[in-house]
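Structural overview for review
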Amino acid sequence: MSALLAASQEAVRAQMRSALASRPSTLLPTSLERWAGEHSAQALLAASAAWRSAQVGLAFERIAAGDQTALHCTLEAASAELDALCDALAIGFSPHLPADSGANGPKQVSRPVADESSGGLAGRPGRRRLSFARRARAGNSAARAVLDRRSRAKIRALTCASLHGRDVLSRLVGEGCTSATAFTWASQLRCRWEEEAEVESRSLRGRAADLKGDGGNLHVTIGEYNRRHGYEYASGGEVLVVTPLTERSYLSLARAAHLSMGGAASGPAASGKTETVRALAREVGVWAVLFCSRRLRCTSSITQVITAVGHSGAWGIIDDLPPLAALPPDLLAELAATCSALFSALRARRPWLEWMGEQTALDHAAALFITLSPGLAAGCNELPPSLRSLFRPCALATPDAALICRTELIAGGWCDAERLGAKLAALFRLAASLLSSQPHYDWSLRSLKRVVGDALLARQAEVAASPSKATPREAAILEQSALLAALRSATSSCLSPNDAPAFDGLLADLFGSASRTVGTSESPADAAPLPPPHLSNSGRSAATDGASATGPAPAKTMVSLAIFETGELEPTASFVRNVSDLDALLAVRRSVLLLGPPGAGKTAVARALQAAVPHLRGSSSPSFAVVCPRTLSHEELYGAVHASSGEAVDGVLPRLLRRAFDDTSIARAAVPGTSAARSLEQQQRWILFDDEVDPEWADLLHPALDGLGDGHSALCLPSEERINVPRSVRFLFEASHLRHACPAWVSRVSVLRLSRAAEEWQPLVASWLKRTRLASAQGEATKADASDGSTPAFMSERCDILERCVRTVVPAVLSAAAAAGWQHALPTTDLTKVETLCRLLEALLAEARILSRHEPSGVGRATTWAGKVGEEGEEGKGDVRVSQI
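An account of the accompanying structure is given in this report. Everything numeric here is computed off the predicted structure, so don't read it as measured data. (Residues numbered from 1 in each chain as written. Predicted model: local features only at pLDDT ≥ 70, side-chain atom pairs only at ≥ 80, totals over all residues. Heavy atoms only, no water.)

The next point concerns the overall build of the chain. From N to C terminus, the chain includes 31 helices and 21 strands. A buried classification covers 48% of the 885 residues belonging to the chain. Sequence separation of at least 24 residues holds for 77% of the intrachain contacts in the chain that already meet a minimum separation of 6. As presented, the chain carries roughly 40400 Å² of accessible surface, and 54% of it is formed by carbon and sulfur atoms. (Helix = DSSP H or I, 4+ residues; strand = E, 2+ residues; numbered from the N terminus. Buried < 20%, exposed > 50% of the residue type's maximum accessible area, 1.4 Å probe, protein only. Contact = heavy atoms within 4.5 Å. Areas by Shrake-Rupley, 256 points an atom, 1.4 Å probe, with all protein chains shown as cover.)

Inspection of the secondary structure puts Arg450 in helix α15 (residues 445-465). Residue Arg450 is classed as buried on the basis of its relative accessible area of 19%. The contact partners of Arg450, leaving out residues within four places of it in the chain, are Asp442, Arg589, Ser747, Arg748, Val749 and Ser750.

For Arg227, the position within the fold is in strand β5 (residues 225-228). With relative accessibility at 19%, the residue Arg227 sits in the buried group. Along the chain, Arg227 and Ala365 lie 138 residues apart, while their C-alpha atoms are 8.9 Å from each other. Residues in contact with Arg227, not counting those within four places in the same chain, are His219, Val220, Val284, Val286 and Ala365.

Another point: helix α3 (residues 41-64). When the terminal C-alpha atoms of α3 are compared, their 35 Å separation across 24 residues agrees well with the 34 Å that a helix rising 1.5 Å per residue should span. With respect to burial, α3 is a largely interior element, 19 of its 24 residues being buried. One or two residues past the end of α3 sits Gly66, with phi positive at roughly 115°. (Expected span 1.5 Å × (residues − 1).)

This brings us to helix α2 (residues 29-38). Every α-helical turn comprises 3.6 residues, leaving residues that sit three or four positions apart pointing alike. Within α2 the residues assigned to the buried category are Pro29, Ser31, Leu32, Trp35 and Ala36. Burial along α2 is one-sided: seen end-on, the buried residues are contained in an arc of 160°. Turned more than 90 degrees away from the buried face of α2 sit Arg34, Gly37 and Glu38, all of them exposed. (Arc of directions from axis to C-beta.)

Before going further, it helps to spend a moment on the side chain of Glu408. The residue Glu408 is located in helix α13 (residues 401-411) in this model. The class for Glu408 is buried, based on a relative accessible area of 9%. Not counting residues within four places of it along the chain, the set of residues in contact with Glu408 comprises Arg156, Val241, Lys449, Val452 and Leu456.

On to the sheet that holds strand β21 (residues 750-753). In spatial order, the strands read β14-β17-β20-β13-β21; together these 5 strands make up an open sheet with parallel pairing. Edge positions in the sheet fall to β14 (623-627) and β21, since each of these pairs with one other strand and no more. Across the sheet, the axes of successive neighbouring strands diverge by a mean angle of 20°, strand direction being ignored. Strand contacts of helix α21 (residues 602-617): β13 (591-595), β14, β17 (685-690) and β20 (729-735), with the helix running at about 160° to β14, the strand carrying the most contacts. (Pairing = 2+ DSSP bridges. Axes fitted to C-alpha atoms, helices over the stretch in contact; angles between N-to-C directions.)

Take the sheet that holds strand β7 (residues 288-292) next. Here 5 strands make up an open sheet; going across it, the order is β7-β8-β11-β6-β12 and the pairing parallel. A single partner strand is all that each edge strand has here, and the edge strands are β7 and β12 (391-395). Strand-to-strand twist of the sheet, defined as the mean angle between neighbouring strand axes without regard to direction, takes the value 25°. In this sheet, strand β11 (residues 367-372) lies alongside strand β6 (residues 262-266) in parallel orientation, the contact comprising 4 bridges. By the bridge assignment for β11, Ala265 is matched with Thr371. Sitting on the sheet, helix α8 (residues 244-258) touches β6, β11 and β12, and the angle it makes with β12 is about 180°.

Where charged atoms from two side chains of opposite charge come close, those side chains can pair. Applying the stated criterion to the full structure yields 19 salt bridges. Across the pair Glu10 and Arg13 runs a salt bridge, and its minimum N-O distance is 2.9 Å. Taken together, the positions of Glu10 and Arg13, both in helix α1 (residues 2-21) and 3 residues apart, correspond to about one turn of that helix. Its relative accessible area of 41% is what places Glu10 among the partly exposed residues. Salt-bridge contacts for Glu721 lead to Arg658; the nearest nitrogen and oxygen are separated by 3.0 Å. Here Glu721, found in the loop between β18 (714-716) and β19 (722-724), pairs with Arg658, found in helix α23 (residues 652-669); they are 63 residues apart in sequence, far enough to count as distant. According to the relative accessible area criterion, Glu721 is partly exposed, its value standing at 33%. (Salt bridge = Lys/Arg side-chain N within 4 Å of Asp/Glu carboxyl O.)

Our next topic: the packing of α3 against helix α6 (residues 149-175). The geometry of α3 relative to α6 is characterised by a closest axis approach of 10 Å and an angle of 20° between their N-to-C directions. Overall, the two elements α3 and α6 adopt an arrangement that is roughly parallel. Crossing geometry of α3 relative to α6 is assigned as right-handed. Seen from α3, the contacting residues are Ala41, Leu44, Leu45, Ser48, Arg52, Val56 and Phe60; seen from α6, they are Lys154, Ala157, Leu158, Ala161, Ser162, Gly165, Leu169 and Leu172. Considered class by class, the residues forming the contact of α3 with α6 number 10 nonpolar, 3 polar and 2 charged. (Parallel < 35°, antiparallel > 145°, perpendicular 65-115°, else oblique. Left-handed = near helix turned anticlockwise from the far one by under 90°. Nonpolar A, V, L, I, M, F, W, Y, C, P; charged D, E, K, R; others polar.)

Structure below.
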């Protein structure tokens, strides 16, 4: 295993060296396409960081030699390279390039002026639009080549890194820095390639000509922290948007690692604590391992985690440390003593870690970090003295949402990113302060990034589907429409009726009249009335044929038809809307919470969508597994480790994920292009948690609830094994409240809010009567001569009488009960009473105890039994009132 790890690290080192050696001096479209296609995203990012640091070092050397414009020239070159990256994202690589961007090199730009308030350059949005307009005009006669997913991920990562590098250069120019010892530059994360084994404190020249031979290593420096790159493989080209807060966090965390201490990142939920530590580990080239703090249930688990971190040389992250007042004193003492032993061994440079009489080999690249969420519970605001002296604090209080949105949108190839990013950040800030405080509302950075991601995907799909070129003005309008559509999709399903008008007002104030034309009104096809329940087969065929004549059938119409096909539910407008919203959320989210009171139809919505998936996508229905966490112990749900043998035993959830992973492997092994392979690949696996959210079991799902395809979705087991969650798996939660859910869990799920309507029982009665008519017709049609005269005509007449009685009696009884204030022994709802009435009538019908002349009396008796009350003296009043009705 050690030989395999060494070979992997050497391969990563060789890729980084090759990428730095072949890095063109100027990133023109042709050279960018060739360079990005030859190397991995990790190698490209490392080479870009080393090249950028070397160029700044050369600029400081030129300033020392008397050239006071060296930093300005470096900034101009960085701006030109950023424009090339943005153009590649906006219109892709084109084989026919304009003359001024080909052999003549990059066009000349005027010297930019630093804008300290925005942290960047003044006038950059206009400069960006000019570049896009130039490339758009040149693209009118050029063949358009849309980037594939892998190339787009590489260019996007390079764009984020280059944008931050340009902003740092702007600050250096604005502050008048003339030496590499300036704090603004010394506090940055810098990379350089050293040919010698020892790291020298000299400025490196990262030119390809200086890289001779196969030796040397990449070194990372932040302040006083200086170490060789670990060359841990990182896939996907992930990059964190670096803000001034991120730079300060990097400096504090790296300082803690330099002093052989731990780092304690604190901040509100979804402020980027864990991602900041992960990003720093990725820059340093070490493996970041996430441990759920609720796994630390005993002293042996604490010892196992910390000794494993020290032996492997990884960076361990104990995520969301629970309230310290809730931790037993023995666990606190064990955690403090084990961490102290690890840090002492690292500080003394000992080759082993000794604990409880046992020695374990120690890798000095190891580090340990914890994350805290202040203010969630008593005792969570600060560490006890035994731990406070071991961990260096780092506060991530308020992320720069506007800068993060701007960077994400620019990296997505948007030309109006500055304005839209500022408006989106302002919208979330105003919504958090002006709307009501609901436990399921999430206006955090994680929710903001989800909206940006949805808008980028929608706009990318539009660009790929449309062969025509858009002018800069048209592109800005389309980008705003995509952003508003993503906002509507993310917020419409969770806003309360009282907050919806206020949120629409905020949208109108920020985005003007465009907010009223996106997402508020449906298309003519979607606004068409839903097919009535009595629609015949020919009527349904005509409806779908009419939709296909003008285009594909709307999603709501297909959902309505699929619900009607089941024959068990009524496709009312609100129910179909809920099913459509759930389908839209599951298409882009890993986890969805169905929030609503009992009887709101949470399970019915999920089951209806399961039946409608074949009609919507042409694939098989998703597999459906229901888990009730309250009825299972922690060991039964997540698994356990045998105390004596150490054997791991899977629980219910790991078994479900392993089965889904096996199905995914079978789909990949099937013959590509066949119907069986497509069906297996498209089939989703739903795991429904039918219980109120409790942190005891819900917080353990945090690593598994992350977004689709981000590489971090995994379930951590008590045996420290990690099961990767396949892309086909979706987590559904049903809850009536979120009193005990922590904000970190709420920010990881999307919420679909369901409410009970005033006449919620009417669809239930309609579907019951429909099933009763169908069952009676099928059962009695086979009787040639019924002795009691129960012919099909008689059964139809009896059902008509039942319908008139039920629709007359039920509203009157419910109104009388509400007016009289009848009390029940157990809490119940009107829907439960009506459902009980239907079941009683169904039982009486099955035993032929209701004849045509006794229908009203039978309905009255069933209504009395279904609406029984438990208070003394109330039962007789209810019976009398029902008899009168």
